[in-house]
Amino acid sequence: MNAFRPSLLFLALAMAAVLTPAPGSARAEEIVVIVAADSAVSQLSRSQVTNLFLGRYKQLPGDGRAHPSDLAELKDNFYRRLVNKTPGEISAYWARLVYSGQTVPPDQIDSIETMIDQIRRTEGAIGYIPRSRLVEGIKPVYQLED
Amino acid sequence: MPPRSAKSLLAGLLLACSALACHAEAPTVRPGVFGTLGLSWHDARQLSYRSSQTQREGTRGGMLDSGIDSLLGLQLNVQAHERVDGAAQVVSRQHEDGGWLPRLTWAFVRLEPIDSLQLRLGRLGLDTTLGSNSRLIGYAFPAVRPAPELYSGIPIDSIDGADLTYLAPVGDHLFRLKLMAGDTSMHVAAAGQSFRLPDVRVTGAQLTYLGDNLQFRLSKGIAKTLDAGSLAPLVEALRQIPLPQTQTAAQRLDVNDIVTRYTGLDALYDRGPMRLQASLLRFAMPDGHPTLASQWLGQLMLSYRIERFVPYVGVAGARTSRRDTRTGLEGVPGLEALQVAAAGAVDNATLSQRATTIGVRYELRQGMALKFQIDRVHASASPVVTDLADPANDDRRLTLLSMALDFAF
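Residues numbered from 1 in each chain as written. Chains lettered and ligands numbered in written order. Predicted model: local features only at pLDDT ≥ 70, side-chain atom pairs only at ≥ 80, totals over all residues. Heavy atoms only, no water.

**Some points on the overall build of chain A**
From N to C terminus, chain A includes 5 helices and 5 strands. Start at the N end of chain A and walk to the C end: the helices and strands fall as α-β-α-β-α-α-β-α-β-β. Counting all 146 residues of chain A, 52% fall into the buried class. In chain A, 71% of the contacts between residues at least 6 apart in sequence involve partners at least 24 apart. When the accessible area of chain A is evaluated, it comes to approximately 6800 Å², of which 51% is carbon and sulfur surface. (Helix = DSSP H or I, 4+ residues; strand = E, 2+ residues; numbered from the N terminus. Buried < 20%, exposed > 50% of the residue type's maximum accessible area, 1.4 Å probe, protein only. Contact = heavy atoms within 4.5 Å. Areas by Shrake-Rupley, 256 points an atom, 1.4 Å probe, with all protein chains shown as cover.)

This is the structure we're talking about:
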């Protein structure tokens, strides 16, 4: 490790990063936070949603342990609307928590169909989808204003 | 951290193994990597600047250096059960012996008997201020490095022990109570040599308020030395010489069984693009100890995001309330070498330093940020800003330019 040359690695990584495009911008859609239709939770406040998705608190009010999940295609937009943070800031936030042994971020789900399926069949599951995709078996408990 | 006795670490790992063994499903393993590639330069030719006492070499005036901020960390998180998980982390950085071999920084198992309560056993980061236990994760904070003024006074990174955290929601607000206890052993470098700090037993508690945009934290704790570290042979040698001066010096340098009380106050306002953090830490040494002096350490940092840029400004300072470097050996013929060693040890425990910081962070992509920073540093006594030509210089000033590439994946 004495041969470790941070300066050369620094230049290489910086150039690679500059040449790589940033993640795409978020789409403007109405987003609802959802739980299973038979959940005891009927409504959440913004603070409660923030605490659950930022890993501060792991319990759904009156309904046991929460299992939050992020939806990949809406994630950037969701956190911008919820806490006005950029993807980089959310990433830095989780880096602090993960690498100081506090907690791990929500699982990431790639499609709306998978998210709905997970909410329906997993006790305590909580996620978010576009309002236009609400279906039977799930219910909205919080709506994020645009 | 060098190898050390770690009964609690062993206990934690054994518990983790048994937890893994008793669970039928395969555990979920999440690897992670983080690091910083840093470059620094300053203008004071006879000064050396380190970001921590745990580094052997600092940045010398007029020379480009990559050793004080660069590091590479690897972490493995293992989820054995919904309520049992653990993590192990190793970090490669410049150590007090000049080597870069990875050392274990975290290794714990966590049990959550109920959702609002968690117990961690093993090697844990020492949690004295907001951000103290994530200060190696450069990507997680705006500045190039955690302020040495806040963390260099007592350079303890981690404990082998346990912490217990209880979370209580009150309406939309959260309160978090944390209790911790453990032992620590650290090495530092001074004048190019490695020294073992006294082993310390830390017990502490903290209460944190977590609001939507505000956090407040009060920390209280006690650190008790369990031996005299590298000073033990010197103290013993002084005791063997039957002179009043040597007996006085031995008494002044004996740091065994010393109880230090610390109090920490943190406030964080974090709303949208703006982030303002203030930390104040007080280490109170026992009244009447002839050599050890109490310390005030503090930092204020403001950052504001503009698109992908995050400019920031900060001030940090450390003040040792009383600086008494007399050892009792002054002027004793034939004991010059002991006097130099003793005075060096006392001086190394004194930190009076302040810094003004301005910089900008640029988010290159998710998980990677580039930072540029300028620090204006002034130290009257400091183990991390040292004068290579005149160790007694009490007016050490430098302008430090730094660049860092931070990543975390």
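Now that the structure has been shown, the text picks up again.
**A closer look at the nonpolar core**
Across soluble globular proteins, you tend to see nonpolar side chains buried next to one another. Counting 37 residues, the largest nonpolar core has Val33, Val49, Phe53, Phe78, Ile126, Tyr128 and Ile129 of chain A as its most contacted members. If you list the elements that add at least two residues to this core, you get β1 (31-36), α2 (46-53), α3 (75-83), α4 (87-98), α5 (112-121), β4 (125-130) and β5 (138-144) of chain A. Core analysis: the second largest hydrophobic core is formed by 22 residues, Leu124, Leu126, Met180 and Tyr262 of chain B among them. (Core = buried A, V, L, I, M, F, W, Y, C linked by side-chain atoms within 4.5 Å.)

**Description of the interface of chain B and chain A**
Between chain B and chain A, the residue contacts involve 62 residues of the former and 45 residues of the latter. Note on chain B versus chain A: buried area summed over both sides is about 4500 Å², and carbon and sulfur give 56% of it. On the chain B side of the interface with chain A, the three residues burying the most area are Leu37, Asp115 and Gln366 of chain B, jointly 15% of the side's total. At the surface where chain B touches chain A, the tally comes to 7 salt bridges. Linking chain B with chain A are 20 residue pairs in polar contact (both at pLDDT 80 or more). Among the elements that line the side of chain B that touches chain A, the one with the most residues is strand β1 (residues 28-42) of chain B, at 7 residues. Broken down by class, the residue content of the side of chain B that touches chain A amounts to 26 nonpolar, 19 polar and 17 charged. (Buried area = accessible area lost by both parts, 1.4 Å probe. Salt bridge = Lys/Arg side-chain N within 4 Å of Asp/Glu carboxyl O. Polar contact = N/O pair within 3.5 Å; in protein donor to acceptor, adjacent residues only side chain to side chain. Nonpolar A, V, L, I, M, F, W, Y, C, P; charged D, E, K, R; others polar.)

**Comments concerning the packing of α2 of chain A against α3 of chain A**
Residue and element names in this part refer to chain A. Interaxial distance between α2 and α3 falls to 10 Å at its minimum, and their mutual angle equals 130°. Between α2 and α3, the angle falls in the class oblique. The interaxial crossing formed by α2 with α3 has left-handed handedness. Facing α2, whose interface residues are Arg46, Val49, Thr50 and Phe53, α3 presents Phe78, Tyr79, Arg81, Leu82 and Val83. In the contact of α2 with α3, the residues fall into 6 nonpolar, 1 polar and 2 charged. (Axes fitted to C-alpha atoms, helices over the stretch in contact; angles between N-to-C directions. Parallel < 35°, antiparallel > 145°, perpendicular 65-115°, else oblique. Left-handed = near helix turned anticlockwise from the far one by under 90°.)

**Thoughts on the pattern of salt bridges**
All chains considered together, the criterion is met by 32 salt bridges over all chains. The partner of Glu89 of chain A in a salt bridge is Arg305 of chain B, and the shortest N-O contact between them spans 2.8 Å. Of this pair, Glu89 of chain A sits in helix α4 while Arg305 of chain B sits in the loop between β16 (295-304) and β17 (309-320), each in a different chain. Each member of the pair, Glu89 of chain A as well as Arg305 of chain B, carries the same accessibility label: buried. When salt bridges with common partners are traced through the structure, they connect Lys58 and Arg65 of chain A together with Glu82, Arg83, Glu112 and Asp115 of chain B into a single cluster.

**As for the pairing of strand β11 (residues 193-196) of chain B**
All names here are of chain B. Of the pairings in the sheet, the one linking strand β10 (residues 187-190) to β11 comprises 4 bridges and is antiparallel in character. Bridging across to β11, His187 finds its partner in Arg196. Where β10 folds back on β11, the antiparallel hairpin that results is connected by 2 residues, among which Ala191 adopts a positive phi of roughly 50°. (Pairing = 2+ DSSP bridges.)

**Some remarks on the sheet that holds strand β20 (residues 385-387) of chain B**
Residue and element names in this part refer to chain B. Across the sheet, 3 strands lie side by side as β3-β2-β20; this open sheet has antiparallel pairing. Two strands lie at the open edges of the sheet, namely β3 (59-60) and β20, each paired on one side alone. Here strand β2 (residues 47-49) pairs with β20 via 3 bridges, running antiparallel. Looking at β20, one finds that Tyr49 is bridged to Val385.

**Brief notes about the side chain of Gln118 of chain A**
Residues and elements named next belong to chain A. For Gln118, the position within the fold is in helix α5. Looking at Gln118, the relative accessible area reads 18%, which means it is buried. Among the polar contacts listed, one links the side chain of Gln118 to the side chain of Ser69, at a separation of 3.2 Å. With near-sequence residues (within four places) excluded, Gln118 lies in contact with Ser69, Ile109 and Ala125.

**Digging into the packing of helix α3 (residues 232-240) of chain B against helix α4 (residues 244-253) of chain B**
All names here are of chain B. Two numbers describe how α3 lies on α4: the axes approach to 8 Å, and their chain directions differ by 155°. By the angle between their axes, α3 is roughly antiparallel relative to α4. The handedness of the crossing between α3 and α4 is left-handed. Listed contacts from α4 to Leu234, Val235, Leu238 and Arg239 of α3 are Thr246, Gln247, Ala249, Ala250 and Leu253.

**Regarding α3 of chain B**
All names here are of chain B. All of the buried residues in α3 are Leu234, Val235 and Leu238. Along the long axis of α3, the arc covered by the buried residues comes to 100°, so they all point the same way. Exposed and oriented more than 90 degrees from the buried face of α3 are Pro233 and Gln240. (Arc of directions from axis to C-beta.)

**Some words on the sheet that holds β1 of chain A**
Residue and element names in this part refer to chain A. The 5 strands are arranged β3-β2-β4-β1-β5 in an open sheet whose pairing can be described as mixed. Here the strands that pair on one side only, and so sit at the sheet edges, are β3 (107-109) and β5. Along the sheet, successive strands turn relative to each other by an average axial angle of 35°, direction set aside. For β1 and β5, the ladder comprises 6 bridges, and the chain directions are antiparallel. Counted as the bridge partner of Val32 is Gln143 from β5. The strands touched by α5 within the sheet are β1, β2 (67-71), β3, β4 and β5, with β4 carrying the most contacts at an inclination of about 150°.

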